[in-house]
Amino acid sequence: MTGEWYFAIGAIVLLLILSALFSGSETALTASSLPRIHELARRGNRRAKTVLALHEQRERLIGAILLGNNLVNILAAALATGILVSFFGEAGIAYATIAMTLLVLIFSEVLPKTYSLAHADRTALAVAPIVRIVVVVLAPVTHAIHVLIKASLKPFGIELSPELDRTESEEELRGAIDLHKGPEPEIRHERQMLRSILELDDVEVREVMTHRRNVEMIDTALLAETIVETVLQSPYTRLPLYREDPDNIVGVLHAKALLREVRSSATVGKIDIAAIAAEPWFIPETTNLLDQLLAFRERREHIATVVDEYGAFMGIVTLEDILEEIVGSIEDEHDVAVGGVRAQADGSYLVNGAVTIRDLNRDFEWDLPDDEAATIAGLILHETRTIPEPRQVFVFHRFRFEIMRRQRNQITLIRLTPPTRDAADRAN
């Protein structure tokens with residue numbers, strides 16, 4: 001065996017190492033966790049910043065890696081073929097094909113990619129400076145190839161690497177949240193909160209507001225002594241004021257402002273309730289929760305009056321209502337407990353008709369639609385297109401709904417039976 005053969009064998013080994021570097025780098029850079037890399041970059045890690053820069057030019061990155069990988073693999077195969085042909089003649093072509101296929105597959109593909117998948121972040125940080133140099137050196141060639149491919153696909157209406165729109169980005173986040181694993185029920189609650197944050201701009205205030213029929217209000221025509229007594233007995237800090245007609249909201253009375261006036265006034269009966277009340281803040285019922293949350297923070301207010309398109313009073317929404325959409329129910333020592341959902345031994349639930357679909361989906365991880373109705377009673381009315389009678393049973397969205405109680409035209413209690421896990425799996 002001459003020195004040229006030793007040189008060729010050494011070159012093949014070196015090319016296989018380069019091929020392994022290209023393959024492992026591609027896997028590491030595409031499988032690395034961008035949130036973790038972004039956090040490292042925020043802390044000043046220069047290699048993490050390089051990884052992010054490579055991700056921002058993903059087309060050039062993939063093109064350079066594939067180009068480099070194919071160049072070294074083809075060159076290694078050509079050298080191996082030349083060596084084996086000199087020994088075995090034409091049969092050396094087959095031997096070289098088999099040998100190089102095994103060597104490339106095992107040592108330049110499977111091993112580096114397996115390691116890179118197991119240590120994606122660490123490997124990406126290690127190879128980023130080298131890959132960046134390769135991307136810069138091969139940029140003219142990869143750009144020319146990209147232009148050629150783009151021109152070839154244009155007649156078919158295919159665009160390369162379209163940017164992710166906002167919806168796709170949110171879907172990616174939701175997928176990452178669903179993959180969040182850990183001890184229950186802590187992780188489950190974290191998933192619920194993260195999902196709720198993403199959905200704030202998809203939910204309108206009418207879906208979480210306190211409906212006008214449940215709003216505790218005060219008539220300005222009442223005596224001051226009566227109003228003070230009402231405020232003291234109320235579990236709420238802020239109460240809407242109306243004049244003559246409950247639709248005519250003229251202010252919002254804060255308990256602290258009232259008690260401060262009581263302390264400074266010699267006679268309670270002389271207190272001008274309307275004068276110490278704050279101006280009402282009217283918002284349309286179609287305002288989404290994210291905008292409303294930002295508006296609450298900007299105006300430094302905690303309550304808003306919701307009106308419909310005709311200006312009619314629909315209800316009230318508070319800062320707490322929006323926060324509860326994220327963290328779940330917030331109760332203090334003055335809140336009135338409401339038994340909205342009661343689990344039954346047979347796996348069903350007795351649900352108050354006023355319970356919102358969003359609360360049920362969040363607490364039990366169900367998928368009942370809430371596009372056309374906010375409450376579970378509203379969903380039944382929408383699906384049945386009628387006002388059902390007690391003991392009527394309906395099945396839709398794989399759930400069983402039995403009307404347990406109705407007051408006039410309002411459904412007040414439902415027995416809701418979710419699908420069993422096996423049935424849900426078969427349906428999916």
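Refer to the structure above for everything that follows.
In this text, all values refer to a predicted model and were calculated from it rather than measured experimentally.

Caption draft 1: Region of interest: the packing of aromatic side chains. In this structure the tally under the stated criterion is 9 aromatic pairs. Aromatic pair Phe87 and Phe88: ring centres 6.4 Å apart, planes at 45 degrees, arrangement tilted. Pairing Trp366 with Phe399 gives two aromatic rings, centres 5.2 Å apart and planes at 65 degrees, and the pair type is edge-to-face. Of this pair, Trp366 sits in the loop between helix H15 (357-364) and helix H16 (376-384) while Phe399 is found in strand E11 (residues 399-407), placing the two residues 33 residues apart along the sequence. In this pair, the class of Trp366 matches that of Phe399, namely buried. These aromatic residues form a ring-pair network of at least three members: Tyr349, Phe364, Trp366, Phe396, Phe399 and Phe401. When the ring centre of Trp281 is taken as reference, the NZ or CZ atom of Arg299 above it lies at 4.1 Å.

Caption draft 2: Seen up close, the packing of helix H5 (residues 91-118) against helix H6 (residues 120-137). Orientation of H5 relative to H6, taken along the N-to-C sense of each, is 110 degrees, at an axis distance of 5 Å. In terms of their interaxial angle, H5 and H6 are classed as roughly perpendicular. Where H5 abuts H6, its residues Tyr115, Ser116, Leu117 and Ala118 lie against Ala120, Arg122 and Thr123.

Caption draft 3: Layout of the nonpolar core. Among the nonpolar cores identified, the biggest contains 31 residues, and Leu29, Val51, Leu54, Leu61, Met100 and Val131 are the most heavily contacted of them. For this core, the elements supplying multiple residues, two or more each, are helix H1 (3-31), helix H2 (34-42), helix H3 (46-56), helix H4 (58-88), H5 and H6. Among the elements that make up this core, the one with the highest residue count is H4 (8 residues). Not counting the four nearest positions on each side in its chain, Val131 is found in contact with Ser25, Leu29, Leu54, Leu61 and Ile65. In this structure, Leu360, Ala373, Ile376 and Leu416 belong to the second largest nonpolar core, which totals 20 residues.

Caption draft 4: Region of interest: the pairing of strand E3 (residues 238-242). The element E3 is largely enclosed, with a buried count of 4 among its 5 residues. Looking at chain direction, strand E2 (residues 218-219) and E3 are connected through 2 bridges and run parallel. Its bridge partner being in E3, Ile218 is matched across the sheet by Leu241. Handedness of the E2-helix H10 (residues 224-233)-E3 crossover: right-handed. When E3 meets strand E4 (residues 249-254), the two strands line up antiparallel, connected through 5 bridges.

Caption draft 5: Here's a closer look at the environment of Glu372. Mapped onto the elements of the fold, Glu372 is located in the loop between H15 and H16. Taking the C-alpha atoms as reference points, Glu372 and His382, separated by 10 residues in sequence, lie 7.3 Å from one another.

Caption draft 6: Here's a closer look at the sheet that holds E3. The strand order E2-E3-E4 describes an open sheet built from 3 strands, whose pairing is mixed. One side of each edge strand has no neighbouring strand; the edge strands of this open sheet are E2 and E4.

Caption draft 7: Seen up close, the sheet that holds strand E7 (residues 313-318). Read from one edge to the other, the open sheet built from 4 strands follows the order E1-E7-E6-E5, with strand pairing classed as mixed. Two strands lie at the open edges of the sheet, namely strand E1 (210-211) and strand E5 (282-284), each paired on one side alone. Sheet topology places E5 next to strand E6 (residues 303-307); 3 bridges connect them, and they run parallel. When the sheet's bridge partners are listed, Pro284 is paired in E6 with Val307. Against the sheet, helix H13 (residues 289-299) touches E5, E6 and E7, its axis set at about 135 degrees to E6. Across the sheet, helix H14 (residues 319-327) touches E1 and E7, and the angle it forms with E7 is around 65 degrees.

Thresholds, definitions, all that
- Sequence order as written defines residue numbering, which begins from 1 separately in each chain.
- Confidence filtering applies because this is a predicted model: local features only for residues at pLDDT of at least 70, side-chain atom pairs given and counted only at 80 or more, and all residues used for totals across whole chains, interfaces and linings.
- By convention in this description, side-chain values take in all heavy atoms of the structure and omit both hydrogens and water.
- Planes of paired rings set the category: under 30 degrees apart is stacked, over 60 is edge-to-face and the rest tilted, where pairs are Phe, Tyr or Trp rings (Trp by its six-membered ring) whose centres lie within 6.5 Å.
- Each helix is a run of H or I in the DSSP string that is no shorter than four residues. Each strand is a run of E no shorter than two, and both are numbered from the N terminus.
- Relative accessibility under 20% of the residue-type maximum defines a buried residue, over 50% an exposed one, and the middle range a partly exposed one, all with a 1.4 Å probe and only protein chains included.
- Both a distance and an angle decide whether a charge sits over a ring: NZ of Lys or CZ of Arg must be within 6 Å of the ring centre and within 35 degrees of the ring normal.
- Lines fitted to C-alpha atoms define the axes here, with helix axes fitted over just the stretch in contact, and angles between the N-to-C directions of these axes take values from 0 to 180 degrees.
- The scheme is simple: roughly parallel for angles under 35 degrees, roughly antiparallel for over 145, roughly perpendicular for 65 to 115, oblique for anything else.
- Any pair of residues with heavy atoms lying within 4.5 Å of one another is described as a contacting pair.
- Throughout, nonpolar core names a set of buried Ala, Val, Leu, Ile, Met, Phe, Trp, Tyr and Cys residues whose side chains join them through atoms within 4.5 Å.
- For two strands to count as paired, DSSP must find a minimum of two bridges between them.
- A crossover counts as right-handed when, viewed with the strands pointing away from the observer, the path leading from the first strand over the helix to the second turns clockwise.

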